[in-house]
Amino acid sequence: MTALPVEAAAVLSVVQDVTGFADPHDQNAYQVGLLPSSDPDRPHTVAVLMMPRDGTRLAATCCTNMLRTFPNIRTVLMAGIAGGVPRPAEPDRHVRLGDIVVATEGLIDYGHVRETDTGAVLRGRQSGGTLANRLLRAAGQLRLTEEQTGRRPWEEWLDPDRHEQAGRYPRPPADTDVLRTGDQVIPHPLPPEPAPAPGMPQIHYGAIGSADVLMKSERRRDELAGQHPDLRAVEMEGSGIAASTAANERSWFMVRGVADYAATGKNDRWHRYASYTAAVYLRALLAATPPLAAPRALVSGRALPLVPEPEQQALDALLIDVPADVDLRAVWHAAVPDLPEPDREVFSTPGAVYHHLARYNARAGEPHPAFRFVDRLGRAMANSPTGRELRGWAAARAGLGHQAVDERDSPEDPATRAGKARPALVLRITVDGIDRTRCRITPFLQTTRGPWRPVPGPGEPVDVPRADLAAATAVLVGKAEEAWQDTADRADIEFVLPTALLNEAVQWYPGPEILGESKPIGIEYAVAVRSLERMRETRVHRAWGQRWRQLDRQPFTGRVFRGRGDPADLDDWATELISDDGYLVVVLSAPPGTEVGTGELRAALRAGVPIILWDQREPRPADGTQGLERLVAEPTGLLPENTRRIRIEAASDPAHFGRSVALLWDDADRPITERQADS
């Protein structure tokens, strides 16, 4: 998406095989084409949209229309110009005209103020939405390559001798890059090493501010920069697009060229060049990004819908009539057992499952996965008119007339069986009230996939010194595996802990020795912690359950709330958290056990926030902050598995941030009651 004609022209100058596209139900006009991926044989398909004017509200509207017209779009990218945030006293972070800013640290929505007796105070805060993790990884790879080898693939597109269109976007003379404070000219510092060649842009990785504000004030710009050290630029569309993609379960990413300093005296002299620098970096970024794919089936490269709109509307009407007690996860496993199970948000409605599968391509000689799902869904409702219509719809789309799409019937269709929870071992750990060096471990076991019905065991509760918690855990995990030997499902491990133990590195407890080898449980299982105090405090269960169930709400609008690290600001922070039930994830600024970390944790538990992340190190290093941001950039439902993934990466790298990531994943629908604990 772009906001200005010069931005759109710059983007289209690097897109291949461009063709126009219009939809009679959408006022937007699109250009569809290709950009290279890391696989030369499989380019990315892109749709380019130029907004009629700038502004966050219009950006949200245009983005929503685009995602409706092109339901297979996975990520919305913003490219164009922005006002840079200069820091001449800090050369490593100083932004100059023509430089490129990449929003690896997300957006800061600064279009909010707090009115006080002394005037308005900026309330800049992180915007919603999900950063595209694939593009974050690609940006990291480009950055690593630049620092290690000095190679900058975007620079060849800025050389008129190598690409003719570069001559249409010339870099303005260096003497036009003037930084002022009032009437005083401020000299630019030398760029940090490794510096780009003269006349080439510096790449900045950080946050970008977004608001319906045309920033032309040095004072306001610098005030905002003082509040947000990662801020590198400001613009006027990003927060609207982030909100739209969040509502439509998509991700976003942003690349901006710096055209001015967001101050008095700004002009258009650098617009063309800055637009082009953003476009060529975006091209290089996508060229370093793998094409979308999934095991044994390719994600669709089409930008257009799987079926014509009238047929889609007819199906959507049928899917609305599917009873709520049909187990969609079981239908999935019966229809497409060869595809990986998506996160829980997909199973919120039949329509959500269908549209998720519509992004895949069919394998040769087989009906499309989405059609197989619709057919199997109809089988689960075989005795109802809606079920028969669903099977007929699927058969017609697959070109089989009235023949069933999939004739693999079984005496008991999996869709008739309830299924919610995977096998799980839950370890409830309490500290002895007299001898604080001893703990009691009370185990509970969910033996099979199904409704949440944990039973006491395996074995009896055990009393151990705190130093022996790891060894006792290994014994209980071994007993749980014996109970799970007849199930092929994955299994989880949860620790229900008091606040005093929440920062314990339970994920690195060794598992049982099997065939002469023991591995940390965080590598073999998705390991999460839960709050013992909240499970006991029934007066917060309503708020806790209300926030937890938003994870299944469609469209998903949950947001991340970050700790601010200031004890003096904790009361205001907690008030904002409890007053906005859209915050479903909190990232603590410090671990439990510290003043700030414990305060933020208790505020999050009191507000009912079900998902809490933190780095167990104090103070938290920069790689911990970056790692946590990358985790929360993924869809929320994937956090347990993604946390396990980064722990696997950290197993062979002692310096990896994954060694210190803690996840509190507190499912309000999976309680361990005091009666269960005492039985």
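Everything here concerns the structure above.
What you see is a predicted model, and the numbers here were worked out from it, not measured in a lab. (Residues numbered from 1 in each chain as written. Predicted model: local features only at pLDDT ≥ 70, side-chain atom pairs only at ≥ 80, totals over all residues. Heavy atoms only, no water.)

So, on to the overall build of the chain. Each helix and strand counted, the chain has 20 helices and 26 strands in total. Since a compact globule built from 679 residues should have a radius of gyration of about 26 Å, the 27 Å found for the chain is in line with a globular shape. Along the three orthogonal principal directions, the C-alpha set of the chain runs to about 80 × 70 × 55 Å. Considering the chain as a whole, with its 679 residues, one finds that 54% of them fall into the buried category. Sequence separation of 24 or more characterises 72% of the internal contacts of the chain that already satisfy a separation of 6 or more. Summed over its atoms, the accessible surface of the chain is roughly 29900 Å², and 51% of this surface lies on carbon and sulfur atoms. (Helix = DSSP H or I, 4+ residues; strand = E, 2+ residues; numbered from the N terminus. Rg over C-alpha atoms; globule rule 2.2 N^0.38 Å. Buried < 20%, exposed > 50% of the residue type's maximum accessible area, 1.4 Å probe, protein only. Contact = heavy atoms within 4.5 Å. Areas by Shrake-Rupley, 256 points an atom, 1.4 Å probe, with all protein chains shown as cover.)

Take Gln616: it is sitting in the loop between strand S25 (611–615) and helix H18 (622–633). Residue class for Gln616 comes out buried when judged on its relative accessible area of 13%. Reaching out from Gln616, the side chain makes a polar contact with the backbone oxygen of Asn503 at a distance of 3.2 Å. In terms of polar contacts, Gln616 uses its side chain to reach the side chain of Gln507, at 3.0 Å. Residues in contact with Gln616, not counting those within four places in the same chain, are Asn503, Glu504, Ala505, Gln507, Pro591, Arg659, Ser660 and Ala662. (Polar contact = N/O pair within 3.5 Å; in protein donor to acceptor, adjacent residues only side chain to side chain.)

Within the element layout of this structure, Asp615 appears in strand S25. According to the relative accessible area criterion, Asp615 is buried, its value standing at 2%. A distance of 2.8 Å separates polar atoms of two side chains, one belonging to Asp615 and the other to Arg617. A polar side-chain atom of Asp615 sits 3.1 Å from a polar atom in the side chain of Ser660.

In a beta sheet, neighbouring strands pair by backbone hydrogen bonds and run either parallel or antiparallel. What the three strands build is an open sheet, ordered S1-S2-S3; its pairing is antiparallel. Each edge of the open sheet is held by one strand with a lone partner, namely strand S1 (16–23) and strand S3 (44–49). Averaged over all neighbouring strand pairs, the angle between strand axes comes to 25°, with direction disregarded. When S1 meets strand S2 (residues 26–35), the two strands line up antiparallel, connected through six bridges. By the bridge assignment for S2, Gly20 is matched with Gln31. Here helix H2 (residues 56–69) sits on the sheet and contacts S1, S2 and S3; the angle it forms with S2, its principal contact strand, is near 65°. (Pairing = 2+ DSSP bridges. Axes fitted to C-alpha atoms, helices over the stretch in contact; angles between N-to-C directions.)

Okay, the packing of aromatic side chains next. Using the criterion set out here, one finds 13 aromatic pairs in the structure. Where Phe21 meets Phe70, the ring centres are 5.3 Å apart and the plane angle is 55°; that geometry is what we call tilted. Residue Phe21 is found in strand S1, and its partner Phe70 is found in the loop between H2 and strand S4 (75–84); the two are separated by 49 residues along the sequence. Judged by relative accessible area, Phe21 falls into the partly exposed class, the value being 23%. On the basis of relative accessible area, Phe70 is assigned to the buried category, the value being 0%. (Phe/Tyr/Trp six-rings, centres within 6.5 Å; stacked < 30°, edge-to-face > 60°.)

On to the pattern of salt bridges. Overall, the coordinates contain 36 salt bridges when judged by the stated rule. The partner of Arg93 in a salt bridge is Glu90, and the shortest N-O contact between them spans 2.3 Å. A salt bridge links Asp623 to Arg617, with the nearest nitrogen and oxygen atoms 3.5 Å apart. Given the relative accessible area of 27%, Asp623 is considered partly exposed. For Arg617, a relative accessible area of 26% gives the class partly exposed. Each of Arg422, Arg490, Asp492, Glu641 and Arg644 takes part in salt bridges that share partners, so that together they form one network. (Salt bridge = Lys/Arg side-chain N within 4 Å of Asp/Glu carboxyl O.)

Remark: a regular strand shows side chains that alternate across the two faces of the sheet. With respect to burial, strand S24 (residues 583–587) is a largely interior element, five of its five residues being buried. As paired strands, strand S23 (residues 559–562) and S24 are joined by four bridges and run parallel to one another. Paired with Arg562 across the bridge in S24 is Val587. Remark: the S23/helix H16 (residues 570–579)/S24 crossover connection has right-handed handedness. Relative to S25, S24 is paired through three bridges, and the arrangement is parallel. The partner of Val587 across the bridge, within S25, is Leu613. (Right-handed = clockwise from strand over helix to strand, strands pointing away.)

With 73 residues, the main nonpolar core has Met1, Phe253, Tyr276, Tyr281 and Leu285 as its most contacted residues. When sequence neighbours within four positions are dropped, the list of residues in contact with Phe253 reads Thr75, Val76, Leu77, Met78, Val102, Leu131, Ala132, Leu135, Leu136, Ala139 and Leu285. In this structure, Leu502, Tyr525, Leu588 and Leu664 belong to the second largest nonpolar core, which totals 42 residues. (Core = buried A, V, L, I, M, F, W, Y, C linked by side-chain atoms within 4.5 Å.)

Looking now at the environment of Ala528. With respect to the helices and strands, the residue Ala528 is situated in strand S22 (residues 526–531). Judged by relative accessible area, Ala528 falls into the buried class, the value being 9%. C-alpha of Ala528 to C-alpha of Glu494: the two residues are 34 residues apart in sequence and 5.1 Å apart in space. The contacts of Ala528, once residues within four sequence positions are left out, are Ile493, Glu494, Phe495, Leu663 and Trp665.

Here we take up the pairing of strand S18 (residues 438–446). Among the nine residues that make up S18, seven are buried, leaving the element largely enclosed by the rest of the structure. The pairing of strand S17 (residues 424–431) with S18 spans eight bridges and is antiparallel. Note that in S18 the partner of Val426 across the bridge is Phe444. Bridge count for S18 against strand S20 (residues 462–465) is four bridges, and the pairing is antiparallel.

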